[in-house]
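Chain by chain, the residues run as shown.
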There are 2 protein chains.
Amino acid sequence: MNYLDNLEDVKVLKQSEFPSKSSKRKKIVKDMDELLKRLDLKDEAVVSFHHHLRNGDRVLVPVMKALQKMGLKDLTLVSSSIFPAHEEIIPLMEDGTIKNIVTSYITGGVATAVSKGKLKGSILMQSHGGRARSILNEEVVIDAAFIASPSADEMGNISGVNGENSCGVLGYAIADSQKAKKVISITDSLVEYPNYPADISEDYVDYIYEIDSIGLKSGIVSGTTQVTKDPIGLKIAKDTLKAMKATGLLKDGLSFQTGAGGISLAVADFLKDYMLENNIKGSFASGGITGYLTEMLEMGLFTSLFDVQCFDLEAIESLKRNPNHIRMSASLYGNPEVSAVVDNLDIVILGATEIDTNFNVNVSTGSDGVIMGGSGGHQDTAAGSKVSIIVSKLFSSRIPFIKDRVEVITTPGSTVDILVTERGIAVNPMRKDLIESFEKANVDIIDIKELKSYAEEVMGKPEKIEKGQRIIGLSQYRDGSVLDYIYEIKN
Amino acid sequence: MNYLDNLEDVKVLKQSEFPSKSSKRKKIVKDMDELLKRLDLKDEAVVSFHHHLRNGDRVLVPVMKALQKMGLKDLTLVSSSIFPAHEEIIPLMEDGTIKNIVTSYITGGVATAVSKGKLKGSILMQSHGGRARSILNEEVVIDAAFIASPSADEMGNISGVNGENSCGVLGYAIADSQKAKKVISITDSLVEYPNYPADISEDYVDYIYEIDSIGLKSGIVSGTTQVTKDPIGLKIAKDTLKAMKATGLLKDGLSFQTGAGGISLAVADFLKDYMLENNIKGSFASGGITGYLTEMLEMGLFTSLFDVQCFDLEAIESLKRNPNHIRMSASLYGNPEVSAVVDNLDIVILGATEIDTNFNVNVSTGSDGVIMGGSGGHQDTAAGSKVSIIVSKLFSSRIPFIKDRVEVITTPGSTVDILVTERGIAVNPMRKDLIESFEKANVDIIDIKELKSYAEEVMGKPEKIEKGQRIIGLSQYRDGSVLDYIYEIKN
């Protein structure tokens, strides 16, 4: 507080120097050229995007193409996820506009191109909580955050529930808005001041750029947000409920998270019936929110939902009208450097592309090593929850599910507790407490190695993947340490 | 993004080094000794408090006494306001525990003691927006923020609307929670997780300390939150409405703020009738919120309220149930370094202790130079609004209201537009546009110097105050520049 010393030396304004009334900032820019001029980005700039419009996003591509047109090179693209809708940026990787990618989930042509080594630089794969951590602690410094905004007013209050392309909560964009050097709201719905409830308020926004359409609302709903109808999937979901009961956590105060995969949603469905039958009143459910969870909220099975991202239109509607449906930022969701909602989770249900006998999970690449996913909240919820449960079929194709070592470690086995398959339930040997609970509850468990042997008996031993020599990226843990290299694929 | 280069050199964790599941932070401390041990404060530490419990606050004093007991010296006390309830800290100024005070409003015994020169250091008087600015831009670095919390859960989600001493919005504590090195929730109402709606979420909170009572809810309501019944005050309010009409701003989309003084509230009351009669639909009202404004919200006269602080129990109830009653942080309210709500204000009604012929306003000291107030949002709203109107009686006591130079400049005259008194309306000569509007509207105006002469005819010329030689503090403008010295008083 050194300006409180030597007051005599402090300059006091004269009447003639008194400041005039403050003027309202003019934030609306009329076209992309003006916007880019104001941003004054240089080669090697770091630009960020959120993915709440998912495969319906129509913001990332035109912005990146405009940066290409400016002749910028060696950009780092920090997008919370990247979808097939973004394939038009592949030429920008080839011509050196984009050097590096930092993301939490990437699928489609861009992912394949990265695996084929098309980035001059590399890819950093983070969890949702890890992304927030790295932005807030300035490990990743964003020069410009381009925020696809379902609605904004002229001062930059951004709301995800107003506007034609309302996508609900904007949880993944919050850290960007707090820390980026420049924050740009890109909207197709400029509304009257004040626009509320604001996910991002005007004090965090520098510019507003209006475009015809930020996306296709239909693209928000991914193909997976339906309960599975497959009998094997349903059996796994039923056995998962059995496992959950065995943990002793299915009681009043339960906190729960599930992904939007078909089996995971079936688990939510069975859980709903179980809670109703046994009159269990849960605490909260969290994560990406679907209509299955909003229905459970409305039934009083949970007191509240912590929503970082709406997965379907029911979730968006619920967010609009239900005060117990609460927005959360990605940091509040899973940042390991603060106390986060995941730390209060009892049970999380997660999927996996592969798992190994150390319970390490890969959701970043296929078994062929080609990138096709990423942690999202996988790492965060596995780490934070009392019990993390992987649900998966042993045989979903000709591809082996259990390996000695997964291709890429997305989530460390030290945080993965239970695996439920159609051939049995395996419990991580590190969780002696759970093994004991299962014994008491008379729920059979099977060694994960036995499950693997069984699968190999049926399908034969998998061929070893031949990786390329070149390391093209890192699978980062939520705390910033590195779990695994990602290699170029041979083709 | 240098960690994306030379990937071969990046350390990858071995399986044996994989992190274990994250454990829930234990934030609850059992007593003050444990809390202070964990905070590890040193001499010259900067500690902060908010004032949402106003004169009912029972948190600041016991914390400061505990710091005194530890033997800490030369602390800087950053409290958004200081009230008569805090007089027990005067001995801490005398014994050197507290060296400096940074505040936006200070009244009662502590204020008088400061004026008498009892601080070893000095006092920095800021506006609400200026306080947020200085904390967020790290001009003021807080070591520990002690947040009086009407309710908190064990993870530190703090809500101002839950709990016995619910005081509503916690807008002044937001910057502290975002920037202080340690954030401590002090609560008398430890509730079940998750506590929502949270003014401050768990990701910003380090420790939770439970005490018997954080305060007296009755103390939240200041004595001034009633419409005046005084006929002179009512005349001023009526003339103020006339002035507002003359500005041309009383139309659909009106945004409005008024303080909680008796005349200001009478203005709100007359405005209500006028808006009803003329079917005017306003945009927002802002600031500290009273039942007068929540009633206008419910009548549809405003679409929304931006609330930084609840001034009465009606406001708290409205905040609980009305989604159009929106929380705002002090930064969103008035931080001059970001776009703030005040920049969108059409009209603000403000009080004054004194005004001078340059329209400079003093709300920091009495005419005797003794500190008894502070800017609060005065500077911020005067600067941001299209039209700022000071309402005051010329004769409220034997003390002159209009001077050649106010004792201390709180708000620069360059941002003050209109003065309404019982003897006429003065318009700042800098506002030629307003003078023209008043002419067109046939509303008489009078030169502020004439008003002054008239007052002096009636009351005689005021005696010149004899100031002490010692500068004891600064009246800081919201942007960080300094408007005036504050001098020790002779006694």
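Residues numbered from 1 in each chain as written. Chains lettered and ligands numbered in written order. Predicted model: local features only at pLDDT ≥ 70, side-chain atom pairs only at ≥ 80, totals over all residues. Heavy atoms only, no water.

1. What to know about the overall build of chain A
And then number 1: Assigned secondary structure in chain A consists of 14 helices and 21 strands.
And then number 2: Taking 2.2 N^0.38 as the reference for a compact globule, 491 residues should give roughly 23 Å; the C-alpha atoms of chain A span a radius of gyration of 24 Å, in line with that estimate.
And then number 3: Dimensions of chain A along its principal axes, counting C-alpha atoms only, are 85 × 55 × 50 Å.
And then number 4: Every one of the 491 residues in chain A was classed for burial, and the buried ones make up 65%.
And then number 5: Contacts in chain A between residues at least 24 apart in sequence constitute 71% of all its contacts with a sequence separation of at least 6. (Helix = DSSP H or I, 4+ residues; strand = E, 2+ residues; numbered from the N terminus. Rg over C-alpha atoms; globule rule 2.2 N^0.38 Å. Buried < 20%, exposed > 50% of the residue type's maximum accessible area, 1.4 Å probe, protein only. Contact = heavy atoms within 4.5 Å.)

2. Some remarks on the pairing of strand β20 (residues 467–476) of chain A
Residues and elements named next belong to chain A.
And then number 1: A large share of β20 lies buried, amounting to seven of its ten residues.
And then number 2: Judged from the six bridges that link them, β20 and strand β21 (residues 482–489) form a sheet pairing that is antiparallel. Opposite Lys-467, over in β21, you have Ile-489 as the bridge partner.
And then number 3: Taking the residues that link successive antiparallel strands as the turn, the β20-β21 hairpin has five residues, and the phi of Gly-480 there is positive, at about 105 degrees. (Pairing = 2+ DSSP bridges.)

3. Considerations on the relation of the copies chain A and chain B
And then number 1: Under the fitted operation, chain A is carried onto chain B by 0.0 Å of movement along the axis and a turn of 180 degrees, and the coordinates agree to an RMSD of 0.0 Å. Here the two chains are linked by the operation of a two-fold rotation axis. Considering only C-alpha atoms, the residue of chain A closest to the rotation axis is Pro-323 of chain A, which sits at 4.3 Å.
And then number 2: Most of the interface of chain A is mirrored in chain B: 100% of its interface residues are interface residues there too. (Least-squares fit on C-alpha atoms with pLDDT ≥ 70 in both.)

4. Things to note about the pairing of strand β20 (residues 467–476) of chain B
And then number 1: With three bridges joining them, strand β5 (residues 123–125) of chain B and β20 of chain B adopt parallel strand pairing. From the neighbouring strand, Met-125 of chain B faces β20 of chain B, where its bridge partner is Ser-475 of chain B.

5. Focus on the packing of aromatic side chains
And then number 1: By the definition in use, this model includes 16 aromatic pairs over all chains.
And then number 2: Ring plane angle 80 degrees and centroid distance 5.5 Å describe the contact between Phe-284 of chain A and Phe-306 of chain A, whose orientation is recorded as edge-to-face. Here Phe-284 of chain A is found in strand β10 (residues 284–289), whereas its partner Phe-306 of chain A is found in strand β11 (residues 304–310), with 22 residues between them in sequence. Here Phe-284 of chain A and Phe-306 of chain A have matching classes, each one buried.
And then number 3: Among the aromatic residues, those joined into a ring-pair cluster are Tyr-193 of chain A together with Phe-284 and Phe-306 of chain B. (Phe/Tyr/Trp six-rings, centres within 6.5 Å; stacked < 30°, edge-to-face > 60°.)

6. Quick word on the side chain of Glu-407 of chain B
Residue and element names in this part refer to chain B.
And then number 1: Mapped onto the secondary structure, Glu-407 falls in the loop between β17 (402–403) and β18 (418–421).
And then number 2: Glu-407 gets classed as buried once you look at its relative accessible area, which sits at 9%.
And then number 3: Separated by 3.4 Å, the side chains of Glu-407 and Lys-403 make a polar contact.
And then number 4: Ignoring anything within four residues of it in the chain, the contact list for Glu-407 reads Glu-354, Asn-362, Thr-365, Gly-366, Ser-367, Gly-369, Ile-465, Lys-467 and Asp-484. (Polar contact = N/O pair within 3.5 Å; in protein donor to acceptor, adjacent residues only side chain to side chain.)

7. What about the interface of chain A and chain B?
For an interface, size is often stated in terms of accessible area lost upon the parts coming together.
And then number 1: Across the boundary between the two partners, chain A contributes 86 residues, which contact 86 residues of chain B.
And then number 2: The contact between chain A and chain B buries some 6,400 Å² in all, and 56% of this surface belongs to carbon and sulfur atoms.
And then number 3: On inspection of chain A and its partner chain B, the count reaches six salt bridges.
And then number 4: The closest approach of N and O atoms between Asp-343 of chain B and Arg-25 of chain A, which form a salt bridge, is 3.9 Å.
And then number 5: On inspection of chain A and its partner chain B, the count reaches 41 residue pairs in polar contact (both at pLDDT 80 or more).
And then number 6: Looking at the side of chain A that touches chain B, the elements that each hand over two or more residues are β4 (98–103), β5 (123–125), β11, α11 (330–334), α12 (378–384), β16 (387–391), β20 and β21 of chain A.
And then number 7: Of the residues in the side of chain A that touches chain B, the class split is 40 nonpolar, 28 polar and 18 charged. (Buried area = accessible area lost by both parts, 1.4 Å probe. Salt bridge = Lys/Arg side-chain N within 4 Å of Asp/Glu carboxyl O. Nonpolar A, V, L, I, M, F, W, Y, C, P; charged D, E, K, R; others polar.)

8. Things to note about the sheet that holds strand β15 (residues 361–362) of chain A
And then number 1: The three strands lie next to each other as β15-β14-β17 (chain A), forming an open sheet whose pairing is mixed. The open sheet terminates on both sides in strands that have one partner only, identified here as β15 and β17 (402–403) of chain A.

9. Some details on the nonpolar core
Grouped burial of nonpolar side chains is what soluble globular proteins tend to show.
And then number 1: One finds Met-64, Leu-77, Val-114, Phe-146, Ile-355 and Leu-419 of chain B to be the most contacted residues of the largest nonpolar core, which totals 112 residues.
And then number 2: The element that contributes the greatest number of residues to this core is helix α2 (residues 60–69) of chain B, accounting for six residues.
And then number 3: With residues up to four places along the chain from it excluded, the contact list for Leu-77 of chain B reads Val-47, Phe-49, Leu-60, Met-64, Ile-82, Ile-89, Ile-98, Asn-100, Ile-101 and Val-102 of chain B.
And then number 4: Counting 111 residues, the second largest nonpolar core, distinct from the first, contains Ile-214, Val-308, Val-363 and Ala-382 of chain A. (Core = buried A, V, L, I, M, F, W, Y, C linked by side-chain atoms within 4.5 Å.)

10. A closer look at the environment of Leu-13 of chain A
And then number 1: For Leu-13 of chain A, the location among the structural elements is in the segment before β1 (28–29).
And then number 2: We classify Leu-13 of chain A as buried; its relative accessible area is 16%.

11. Regarding the packing of helix α8 (residues 262–277) of chain B against helix α9 (residues 291–298) of chain B
Residue and element names in this part refer to chain B.
And then number 1: Where α8 meets α9, the closest approach of the two axes is 10 Å, and the angle between their N-to-C directions is 15 degrees. Here α9 runs roughly parallel to α8, going by the angle between their axes. The chirality of how α8 crosses α9 is left-handed. Packed against α8, whose contacting residues are Leu-265, Ala-268, Asp-269, Leu-271, Lys-272 and Met-275, the element α9 presents Tyr-292, Glu-295 and Met-296 at the interface. (Axes fitted to C-alpha atoms, helices over the stretch in contact; angles between N-to-C directions. Parallel < 35°, antiparallel > 145°, perpendicular 65-115°, else oblique. Left-handed = near helix turned anticlockwise from the far one by under 90°.)

12. So, the domain arrangement of chain A
All names here are of chain A.
And then number 1: Each domain of chain A was delimited in the assignment, giving domain 1 (32–220) and domain 2 (231–465).
And then number 2: Listed as interface residues are 34 residues of domain 1 and, on the opposing side, 31 residues of domain 2.
And then number 3: Viewed at the interface, domain 2 and domain 1 are joined by one salt bridge.
And then number 4: The shortest N-O distance in the salt bridge between Arg-327 and Asp-199 comes to 3.2 Å.
And then number 5: Taken together, domain 1 and domain 2 are joined by 14 residue pairs in polar contact (both at pLDDT 80 or more).
And then number 6: Counting only elements with at least two residues in the side of domain 1 that touches domain 2, the list comes to α4 (109–115), β5 and α5 (128–136).
And then number 7: Among the elements that take part in the side of domain 1 that touches domain 2, α5 stands out by supplying six residues, more than any other.
And then number 8: A class-by-class count of the residues in the side of domain 1 that touches domain 2 yields 15 nonpolar, 15 polar and four charged. (Domains from an automatic or database assignment.)

13. Some thoughts on the sheet that holds β16 of chain A
All names here are of chain A.
And then number 1: With respect to topology, eight strands assemble into an open sheet ordered β12-β11-β10-β9-β13-β16-β18-β19, the strand pairing being mixed. Edge positions in the sheet fall to β12 (325–327) and β19 (424–427), since each of these pairs with one other strand and no more. The average angle at which neighbouring strand axes cross in this sheet is 20 degrees, direction not considered.
And then number 2: Across two bridges, strand β9 (residues 256–258) lies against β10 in parallel orientation. By the bridge assignment for β10, Gln-257 is matched with Ser-286.
And then number 3: Across the face of the sheet, helix α8 (residues 262–277) comes into contact with β9, β13 (347–350) and β16 while running at roughly 145 degrees to β9.

14. Looking at the pattern of salt bridges
And then number 1: Considering all chains together, one arrives at 66 salt bridges over all chains under this definition.
And then number 2: With its nearest N and O atoms 3.9 Å apart, the salt bridge here joins Arg-470 of chain A to Glu-488 of chain A. Of the two residues, Arg-470 of chain A is situated in strand β20 and Glu-488 of chain A in strand β21; the sequence distance between them amounts to 18 residues.
And then number 3: Among the charged side chains, a network of salt bridges with common partners joins Lys-21 of chain A together with Asp-417, Arg-431 and Asp-433 of chain B.

15. Some words on the side chain of Ser-185 of chain A
Residues and elements named next belong to chain A.
And then number 1: By the element assignment, Ser-185 lies in strand β7 (residues 182–187).
And then number 2: In terms of polar contacts, Ser-185 uses its side chain to reach the side chain of Ser-149, at 2.8 Å.
And then number 3: Not counting the four nearest positions on each side in its chain, Ser-185 is found in contact with Ile-147, Ser-149, Ala-152, Ile-158, Val-205, Tyr-207, Ile-208 and Tyr-209.

16. Structural notes on the environment of Val-183 of chain B
All names here are of chain B.
And then number 1: Checked against the element boundaries, Val-183 lands in strand β7 (residues 182–187).
And then number 2: For the pair formed by Val-183 and Ser-48, sequence separation is 135 residues and the distance between their alpha carbons is 9.4 Å.
And then number 3: Every residue in contact with Val-183, bar those within four places of it in the chain, is listed here: Ala-145, Ile-147, Asp-176, Ser-177, Tyr-204, Val-205, Asp-206 and Tyr-207.

17. Regarding unusual backbone geometry
And then number 1: Of the consecutive residues Tyr-193 of chain B and Pro-194 of chain B, the connecting peptide bond is found in the cis state with omega at -10 degrees.
And then number 2: For Pro-194 of chain B, the location among the structural elements is in the loop between β7 and β8 (207–210).
And then number 3: Note the cis peptide between Tyr-196 of chain B and Pro-197 of chain B, where omega equals -5 degrees.
And then number 4: Positive phi values are uncommon outside glycine, yet Asp-40 of chain A reaches one of about 50 degrees.
And then number 5: The partly exposed category is assigned to Asp-40 of chain A, whose relative accessible area is 48%.

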